[in-house]
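Observations on chain architecture
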Amino acid sequence: MSTLSIKHLVKEYVPGKPVLKDISLDIEGRGITAIIGPSGTGKSTLIRCVNRLIDPTAGEIWFEGKDLAKLAGQPLREARRRIGMVFQEYNLVERLTVMENVLSGRLGYMGAWAAWRRKFSDEDIQKAFSLLQRVGLADFANRRADELSGGQRQRVGIARAVMQSPGLLLADEPTSSLDPKTSVEIMEIMRDLAADNNIPVMINIHQVELGKRYAERIIGMSGGLVVYDGAPDGLDGEVLRKIYGGQDWLAT
Amino acid sequence: MTSATSSTTVTRADFFAPTIGKRLAYVGVLAYVVYAAATLGLSLERVQAGLGHGARFLAGFFPPNFTETDIIPGLLESLQIAFLSSLIGTALAIPVAVLAARNMMPAAVSSAARLLIAFCRSFHPVIIAIIAVKAVGFGALAGIIALTFASIGFVGKLLAEAIEEISKKQIEAVRATGASFMSVIAFGVVPQVMNRFIGFVAYETDSNLRNSTMVGVVGAGGIGGTLFSAFQRFDYAFVAGIIICIIGLVMIGEVLQLYVKRVFR
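Remember, it's a predicted structure, so these values are computed and weren't measured experimentally. (Residues numbered from 1 in each chain as written. Chains lettered and ligands numbered in written order. Predicted model: local features only at pLDDT ≥ 70, side-chain atom pairs only at ≥ 80, totals over all residues.)

**Thoughts on the overall build of chain A**
Our working rule: Numbering of helices and strands starts at the N terminus; helices are DSSP runs of H or I of at least 4 residues and strands are runs of E of at least 2. In this treatment the radius of gyration is a C-alpha quantity, and the globule benchmark scales as 2.2 Å times the residue count to the 0.38 power. Here a residue counts as buried when 20 or more other C-beta atoms fall within 10 Å of its C-beta, as exposed when 12 or fewer do, and as partly exposed in between; the C-beta atoms come from the backbone.
A tally of helices and strands in chain A yields 9 helices and 10 strands. Relative to the compact-globule value of 18 Å for 252 residues, chain A shows a C-alpha radius of gyration of 18 Å, a close match. Projected onto the principal axes, the alpha-carbon positions of chain A cover approximately 55 × 45 × 35 Å. Within chain A, the proportion of its 252 residues that are buried is 44%.

Shown next, in the form of structure tokens:
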């Protein structure tokens, strides 16, 4: 059974002008699935529909036996905590410490009053610290998030997502604000942590080469539709033209 | 690009043309100043005569009289009014501000909360004090009510604006973890507005300290009542003593405010 099953998903920001036109996808047990496509084609919208940061217009999103598209309130929050998300601009709470940011991955599992008083269990603290060690930031645990570099912040962002004990990891262009070397490091951390926890990753990415290198499956989107779905090897010039249009940029 | 720059001639008037609306506004302001001064009967002679009266009045201040026993209890009462109204007003302002922030609440809720804030802000504390004295009688309670209203208005408005300016991205990330609304407030909103909130509270406490010496004039407790009755007795030496004590109190408040800000940041 698939971990995530999207069926006939449609999203219209303006009625009659769909950004996503009938998307159907199944994401299997593990490994990275990379979504590529031109800007404005609805990649971010698709990812955000999955954890309902954006409400879809029509369609179904099946995850752990529930249709996320129909959830609201408490059941939605319970579903959300099982879906980790990594953002393009890291989206750390700048004035909180690195440790607090990682621990915020547990907020879905505790009451607000406990959260106010920072009453995290020793187990959670231990897990958060181990994750920080894993991403090489244990020494930064008590630093404020806004003191960190881009690459360091994204590592914290990943640790926060994994801290949720998720069954699925979403990443919205996690490397687009980073230099090429850091981008590779971030992709490796995501791949390894996802493998450790045995969860699939659904990732939007602009750098096609990076996607081909780390993904087991590539989904090409264009104009709100899936136009390619297959192995990274199948991404030849013909397919890229279909996804991005034109061909001048492909020269040499 | 090169051809376009040489072929199109532009002048200063193309970018900085004076607008008719601006000119009308200047003329309008000037006309109102002349009209207002004329109807209020302002004249230089009256100012000159007033200066003479003022000098005699000031001469009556010396030497200031600190011997009356009413000063210390009055000052302490003012201090208590200021402290309690700041505390209660700020505590009430927090939920009002969250409800008034348009990025936190649907439009209907935030409009209602904004209306409440506007109501609290629309009257000077002394006017509310007059109403409160009618309602609960003379004394400190009326003063506390008046200044609490003022604090809700001031802190509520500024805090709501601070909440509206926070980064949406940080909120989005906290929401994505499955956090409840109150947890999003705790981990997403509070860290982003805490610094400014402390500044607002310190400022409002300082402002309440000054206003708490005023509300007594209308019978709402504090040193103001003592001051007013001294004026009515033409006891200017005592008036001077009270004023100097008020200045001292406000200055102590200023120092405390700096200290509190430093501790909490």
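**Comments concerning the nonpolar core**
Heads up, the rule is: To count as a nonpolar core, a set of buried Ala, Val, Leu, Ile, Met, Phe, Trp, Tyr and Cys residues must be joined through C-beta atoms within 7 Å. What counts as a contact here is a pair of residues whose C-beta atoms, placed from the backbone, lie within 7 Å.
Grouped together as the largest cluster of nonpolar side chains are 133 residues, with contacts concentrated most on A:Val102, B:Ala146, B:Leu159 and B:Ile163. Considering each element in turn, this core owes the most residues, 16 residues, to helix 8 (residues 140-164) of chain B. Residues contacting B:Ala146, with those up to four places away along its chain left out, are B:Pro125, B:Ile128, B:Ala129, B:Ala132, B:Val215 and B:Ala220.

**Details of the pairing of strand 7 (residues 168-172) of chain A**
Residue and element names in this part refer to chain A. Selection rule: Between any two strands, at least two bridges found by DSSP are needed for them to pair. Here the term right-handed applies to a crossover when the path leading from its first strand over the helix to its second strand runs clockwise, the strands being oriented away from the viewer.
Counting buried positions over the 5 residues of strand 7 gives 5, a clear majority of the element. Burial along strand 7 is two-sided: the face carrying Leu168, Leu170 and Asp172 and the face carrying Leu169 and Ala171 are both buried. Where strand 6 (residues 83-86) meets strand 7, 4 bridges bridge the pair, whose relative direction is parallel. Bridged to Gly84 within strand 7 is Leu169. Handedness of the crossover is the feature at issue here: the chain leaves strand 7, passes through helix 7 (residues 180-197), returns alongside strand 8 (residues 200-204), and the resulting connection is right-handed.

**Looking at the interface of chain B and chain A**
Interface size, as often reported, equals the accessible area lost upon joining of the parts. Formally: In this classification, Asp, Glu, Lys and Arg are treated as charged, Ala, Val, Leu, Ile, Met, Phe, Trp, Tyr, Cys and Pro as nonpolar, and every other residue, Gly included, as polar.
Facing the 18 residues of chain B at the interface are 22 residues of chain A. Elements represented by at least two residues in the side of chain B that touches chain A include exactly helix 9 (168-176) and helix 10 (181-212) of chain B. Of the residues that constitute the side of chain B that touches chain A, the class distribution is 8 nonpolar, 7 polar and 3 charged.

**Some details on the domain arrangement of chain B**
Convention followed: For the purposes of this description, domain bounds are those given by an automatic or database domain assignment.
What the domain assignment reports for chain B is domain 1 (12-59) and domain 2 (71-264). For domain 1 of chain B and domain 2 of chain B, the distance between their C-alpha centres works out to 33 Å.

**Let's talk about the environment of B:Ile163**
The topology assignment puts B:Ile163 in helix 8. Among all residues touching B:Ile163, those that are not within four sequence positions of it are B:Ala97, B:Val98, B:Ala101, B:Met104, B:Val189 and B:Val193.

**Description of the packing of helix 5 (residues 122-134) of chain A against helix 6 (residues 150-163) of chain A**
All names here are of chain A. We apply this condition: Comment: axis = line fitted to C-alpha atoms, over the contacting stretch for helices; angle = value between 0 and 180 degrees taken between N-to-C directions. Take the far helix as your reference; a near helix turned counterclockwise from it by less than a right angle gives a left-handed crossing, and one turned clockwise gives a right-handed crossing.
Viewed as axis vectors pointing N to C, helix 5 and helix 6 meet at an angle of 140°, and their least axial separation amounts to 10 Å. Considering how the two elements wind past one another, helix 5 and helix 6 form a crossing that is right-handed. Contacts from Lys127, Ala128, Leu131 and Leu132 in helix 5 reach Ala159, Val162 and Met163 in helix 6. Split by residue class, the contact of helix 5 with helix 6 holds 6 nonpolar, no polar and 1 charged.

**Regarding helix 4 (residues 44-59) of chain B**
How we decide: A helix's residues, less one, multiplied by 1.5 Å, set its expected span.
Here helix 4 of chain B spans 23 Å end to end across 16 residues, near enough to the 22 Å set by a 1.5 Å rise per residue. Counting buried positions along helix 4 of chain B gives 0 out of 16 residues, so the element sits mostly on the surface.

**Quick notes on the sheet that holds strand 3 (residues 31-36) of chain A**
Residues and elements named next belong to chain A. A sheet is described by the order of its strands in space; here 6 strands give the open sequence 6-7-8-3-9-10, paired in mixed fashion. Across the chains shown, the open sheet's two edge strands, defined by having one partner strand only, are strand 6 and strand 10 (225-230). Within the sheet, the average angular offset between the axes of one strand and its neighbour, ignoring direction, is 20°. Sheet analysis places strand 9 (residues 217-222) next to strand 10, joined by 5 bridges and oriented antiparallel. Within the sheet, the bridge partner assigned to Ile219 lies in strand 10 and is Asp229.

**Let's talk about the sheet that holds strand 1 (residues 4-14) of chain A**
All names here are of chain A. Strand order across the open sheet formed by 4 strands is 2-1-4-5, with antiparallel pairing between neighbours. If you trace the sheet from one side to the other, it starts and ends with strand 2 (17-27) and strand 5 (66-67), each paired once. Pairing of strand 4 (residues 58-63) with strand 5, which is carried by 2 bridges, proceeds in the antiparallel orientation. From the neighbouring strand, Phe63 faces strand 5, where its bridge partner is Lys66.

**Focus: helix 6 (residues 107-122) of chain B**
Relative to the 22 Å expected for 16 residues at 1.5 Å per residue, helix 6 of chain B spans 22 Å between its end C-alpha atoms, a close match to the ideal helical length. For helix 6 of chain B, the elements touching its buried residues are helix 5 (71-100) and helix 8 of chain B.

**Topic: the packing of helix 8 of chain B against helix 10 of chain B**
All names here are of chain B. Quick reminder of the rule: Working rule for angles: under 35 degrees goes down as roughly parallel, over 145 as roughly antiparallel, 65 to 115 as roughly perpendicular, anything else as oblique.
At a minimum axis separation of 9 Å, helix 8 and helix 10 run at an interaxial angle of 150°. Put simply, helix 8 runs roughly antiparallel to helix 10. Classified by chirality, the crossing of helix 10 by helix 8 is right-handed. Contact residues: helix 8 offers Gly143, Leu147, Ala150, Ser151, Phe154, Val155, Leu158, Leu159, Ala162 and Ile163, while helix 10 offers Val189, Val193, Arg196, Phe197, Phe200, Val201, Glu204, Asn208, Asn211 and Ser212.

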